[in-house]
Every structure is written in C-alpha cells, then in structure tokens.
Amino acid sequence: MALVAQAPAFQRSFLEALPAANWSHQTGTTRTHCWHNCQRQKESGQQLELRLLQSAQRLPAACARFKRRESRKKDVQCSATPRRDSLEPESERRVQEKAVGVAKALGGVNVYLVGMMGSGKSTIGKLLAERLQYRFFDCDEVIEGAVGAPVSQIFKENGEDTFRKLETEVLSQLARETRSVISTGGGAVLRKENWSSMHYGISIFLQVPIQTLAKRVTKNGHASRPLLNGGDATDESAETKAFTRLSTIWKDRKAFYENADVTVSIAGYEEGEEEMSTASLVEKVVHELETLLKERGVKKPQDSTGWVTEL
Ligand SMILES: Nc1ncnc2c1ncn2[C@@H]1O[C@H](COP(=O)(O)OP(=O)(O)O)[C@@H](O)[C@H]1O
Ligand SMILES: O=C(O)C1=C[C@@H](OP(=O)(O)O)[C@@H](O)[C@H](O)C1
C-alpha cells in the first residue's frame, strides 16, 4: 500500500475506489490488460498499484489536453452529419446576442448536458460552447484519453463499475473548471456523487423520443455504446432491438434525468418529418438558459462601460 499512502488525496481516493487487478494499461505499442496479465504473470500488488497510479495521473493530463485542443479549434467538427442549418441572418443575430447575454449572466458557471445515449449531448454541446464562448469537454473522450482505450473496451475488460468510477472522477475534476460546456455520458445521472459535481453548474436534459434515439444509434453503429449489447447495425431488426433496449434504459433513468435544471425537448415532430436542425436546437437551449437565469433572478450583468445586457 506504500504508493497509495504516498499519493496526493485525489489520487488516493481514486486508487482506493478502483477494484484491484482490474485495469487496462499500455505497454509500448501493444495494449495488454491487467486482468489477463495477473493471471499469466501473477503481478505483485505493488506493480499493480503503480499501474493504477499512472492511470490516475493521466486523468488531469487528459483534461488538460482536451482543454488545449478545444481552445485551438476554430471549426467545430461533428462526429456525424446532422442537419446543421445556418439560421436566417436576423435569427442568427438575435441568438448570438442572446448567447452573449446568457454567457455574461452565467458568470463562468459550467453547463452540463445530460440525456440518453444518442440524444445529441456531444453535437449540441460543441455548438453551445461556440455560442457561449465556452470550452467544451466530452466526459467519455476525457476518460478514453486517460485510459488509452475506448469506452466499449473499458466496459468489456474492466466492467461497468470501473467505468462509472472513472466517470465520477472526471466529473469531479471538471467541476473545478469554469466557462465549460460538459457533455456527460448517458449514465452519469445515476450516481448521487455526479450530481454533487453537476450542481455546481447548470444541467440541461436533452429529451429526444426513443424512436429517434434508436434510429440515430443504429445509423451510427453500436460499437461505441456497450449498453446496447453490440447489436449488428446491418441487421434489419437492429433498430427494433435498439428501441427495446433504449426503452428499458429510459424507464430506469427517466426520474434521474428529471433532476436536471432545464429540460429541452425535441419531441413534437411527426413521423417522417425532418429532425429539428442542430442550429435551432442550440437556439432553443440558449433560450431555455436565459429563461432559467431570469427565473432565478440573476441580475442583468453590467460590463465596465455600463452597458446592460438585456436578458
Ligand atoms: N439535432 C440532431 N438532428 C439529427 N441528428 C443529430 C442531432 N443531434 C445529434 N444527431 C446525431 O445523433 C448521433 C448521436 O449524437 P451525439 O451528439 O453523439 O449524442 P450523445 O453525445 O448524446 O451520445 C450523431 O450521429 C449525431 O450526428
Ligand atoms: O448511457 C450510458 O450508460 C452510456 C452512454 C455512453 O455515452 P453517450 O451518452 O455519449 O453515448 C457512454 O458513457 C457509455 O457507453 C455508457
């Protein structure tokens, strides 16, 4: 336990939270896995502790890398291609003006996006961050950067519980940031500790009909979403299977998502009708944020020239 005892507080709690002998690590260019290694090599407890310490140390570095990368970005690249219409010039002017006012009124407070997998947290999060002139973090990507393995692999080889502990650690670190939009994983709402982090900021629940989610995740393939049990995206019934699985997950999580400060729903379009464009959705999110700030009685922010932002 020597290394654990010497580690700084955050790393100590992180190390203690992780199940022993259940971790992924890199050796040179070949990724191997502790669990299998332990079986084969019967590694000593100290070697394992060293590995865990190294992984824990990579978390702040992964957050920092993410921060640098995002701040360098000029154009936001979305992972797929949802309709990203530009708004009419007048709407564009109005929403941008509104976003400036909202960002001032937020005073650096973080915005967390929660919602089911495929609800658009990453896509909308990046665009919202652009509008607010905030940085953008995707929790899953920060975890993947720290561990050096995709989420699906962490689930498969280390188990969901280990992933959830990492997710909690990342959220607690990101809560120390300011002026950030944070896209959480779909299951982040399940843990009370995560809400302790998210309650430092404002949480927005992106509510999307299950049928739409099923279509989106099937189109994307399930590889990156282990909870959908790796259904084959080319299988004709894949969407039906995804719908069934997502419906069960939704039933278990509905109440947790409803803890969010704001709900932005894209329900309301009919079968066959096109999905709401991302630009309109971000406009809606900015509007809901403004409404919330007004309800909370946030004072109209005033800049040094005495100009008052109209909320
Ligand atoms: N408003 C939208 N209209 C159409 N497709 C969308 C929209 N928002 C997201 N998508 C698509 O849905 C999929 C899942 O989006 P993503 O942002 O990765 O969701 P999440 O981060 O919540 O899992 C992606 O292929 C994305 O392009
Ligand atoms: O719903 C969930 O429990 C999960 C959602 C995923 O994130 P997205 O919501 O970004 O797909 C990812 O964190 C992991 O596969 C677990």
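Note on numbering: residues in each chain are counted from 1, in written sequence order. Chains carry letters and ligands carry numbers; both start at the beginning, A for chains and 1 for ligands, and go up in the order they are written. The model is predicted, so local features are restricted to residues of pLDDT at least 70 and side-chain atom pairs to those at 80 or more, both for listing and for counting; the totals for chains, interfaces and linings are taken over all residues. As a rule here, side-chain values come from all non-hydrogen atoms in the structure, and water together with hydrogens is ignored.

An unreviewed UniProt entry annotates the chain as shikimate kinase originating from Klebsormidium nitens. UniProt positions are given in the numbering used here, feature names are shortened, and annotations may be inferred rather than shown by experiment. Under the UniProt heading Catalytic activity (unreviewed entry), the note attached to the chain is "shikimate + ATP = 3-phosphoshikimate + ADP + H(+)".

Caption draft 1: Here's a closer look at the site of ligand 2. Nearness here has a simple test: a residue counts as near a molecule or strand if at least one of its heavy atoms is within 4 Å of that partner. Residues in close proximity to ligand 2 total 14 residues, the closest being Lys121, Asp140, Arg164, Arg225 and Arg253. Under the convention used here, a 1.4 Å probe and the Shrake-Rupley method define accessible areas, while residue burial counts only the protein chains that appear. Coverage of ligand 2 by the protein amounts to 96% of the 380 Å² it exposes when considered alone. Elements supplying a minimum of two residues to the shell around ligand 2: helix H8 (151–158) and helix H9 (160–174). Considered class by class, the residues forming the shell around ligand 2 number six nonpolar, three polar and five charged. We count a stretch as a helix when DSSP gives it H or I for four or more residues in a row; a strand needs E for two or more, and each element gets its number in order from the N terminus. Three classes are used: nonpolar for Ala, Val, Leu, Ile, Met, Phe, Trp, Tyr, Cys and Pro, charged for Asp, Glu, Lys and Arg, and polar for all others, with Gly counted as polar.

Caption draft 2: Quick look at helix H11 (residues 210–220). Only protein chains enter the area calculation, which uses a 1.4 Å probe; residues under 20% of their type maximum are buried, those over 50% are exposed, and those in between are partly exposed. If you check which residues of H11 are buried, you get Ile210, Thr212, Leu213, Ala214, Val217 and Thr218. Summarising the contacts, the buried residues of H11 are in contact with helix H12 (238–257). The contact definition used throughout considers only heavy atoms, calling two residues in contact when any of these lie within 4.5 Å.

Caption draft 3: A look at the packing of helix H7 (residues 139–147) against H9. Every axis in this analysis is a line fitted to C-alpha atoms, fitted for helices over the stretch in contact. Angles between the N-to-C directions lie between 0 and 180 degrees. The interhelical angle for the contact between H7 and H9, taken along N-to-C directions, is 110 degrees, at an axis separation of 10 Å. One element, H7, and the other, H9, form an angle in the roughly perpendicular class. Residues Cys139, Asp140, Val142, Ile143 and Val147 of H7 lie in contact with H9, whose contacting residues are Phe163, Leu166, Glu167, Val170, Leu171 and Leu174. Looking at the contact of H7 with H9 residue by residue, the class counts come to nine nonpolar, no polar and two charged. Should an angle lie under 35 degrees it is considered roughly parallel, over 145 roughly antiparallel, and from 65 to 115 roughly perpendicular; all remaining angles are considered oblique.

Caption draft 4: Just unusual backbone geometry, in detail. Residue Gln133 is not a glycine yet carries a positive backbone phi of 60 degrees. By secondary structure assignment, the location of Gln133 is in the loop between helix H6 (121–132) and strand E4 (135–138). Backbone geometry places Arg179, a non-glycine residue, at a positive phi of 45 degrees. Mapping Arg179 onto the fold places it in the loop between H9 and strand E5 (180–183).

Caption draft 5: Structural context of the side chain of Ser183. For Ser183, the location among the structural elements is in strand E5. A polar contact of 3.5 Å, which involves the side chain of Ser183, links it to the side chain of Ser122. When near neighbours in sequence (up to four residues on either side) are disregarded, Ser183 contacts Leu113, Lys121, Ser122, Phe136, Phe137, Asp138 and Cys139. Nitrogen and oxygen atoms within 3.5 Å of one another constitute a polar contact, given that in protein one can donate a hydrogen and the other can accept it, and given that sequence-neighbouring residues count only through two side-chain atoms.

Caption draft 6: How the structure looks around the pattern of salt bridges. In what follows, salt bridge is the name for a side-chain nitrogen of Lys or Arg lying within 4 Å of a carboxyl oxygen of Asp or Glu. Scanning the model with the defined rule gives eleven salt bridges in all. Lys254 is the salt-bridge partner of Glu258, the closest N and O atoms lying 3.1 Å from each other. With a relative accessible area of 46%, Glu258 lands in the partly exposed category. Residues participating in the shared-partner salt-bridge network are Glu90, Arg93 and Glu97.

Caption draft 7: A look at the sheet that holds E4. Taken in spatial order, the five strands of this open sheet run E4-E5-E3-E6-E7, and their pairing is parallel. The sheet is open, and its two borders are formed by E4 and strand E7 (262–265), each paired with just one other strand. Sheet twist, expressed as the mean angle between neighbouring strand axes with direction ignored, is 20 degrees. Pairing of strand E3 (residues 111–114) with strand E6 (residues 202–207) involves four bridges; the strand directions are parallel. Looking at E6, one finds that Leu113 is bridged to Ile204. Taken strand by strand, H7 contacts E4 and E5, and its axis lies near 70 degrees from that of E4. Any two strands with at least two DSSP bridges between them are considered paired.

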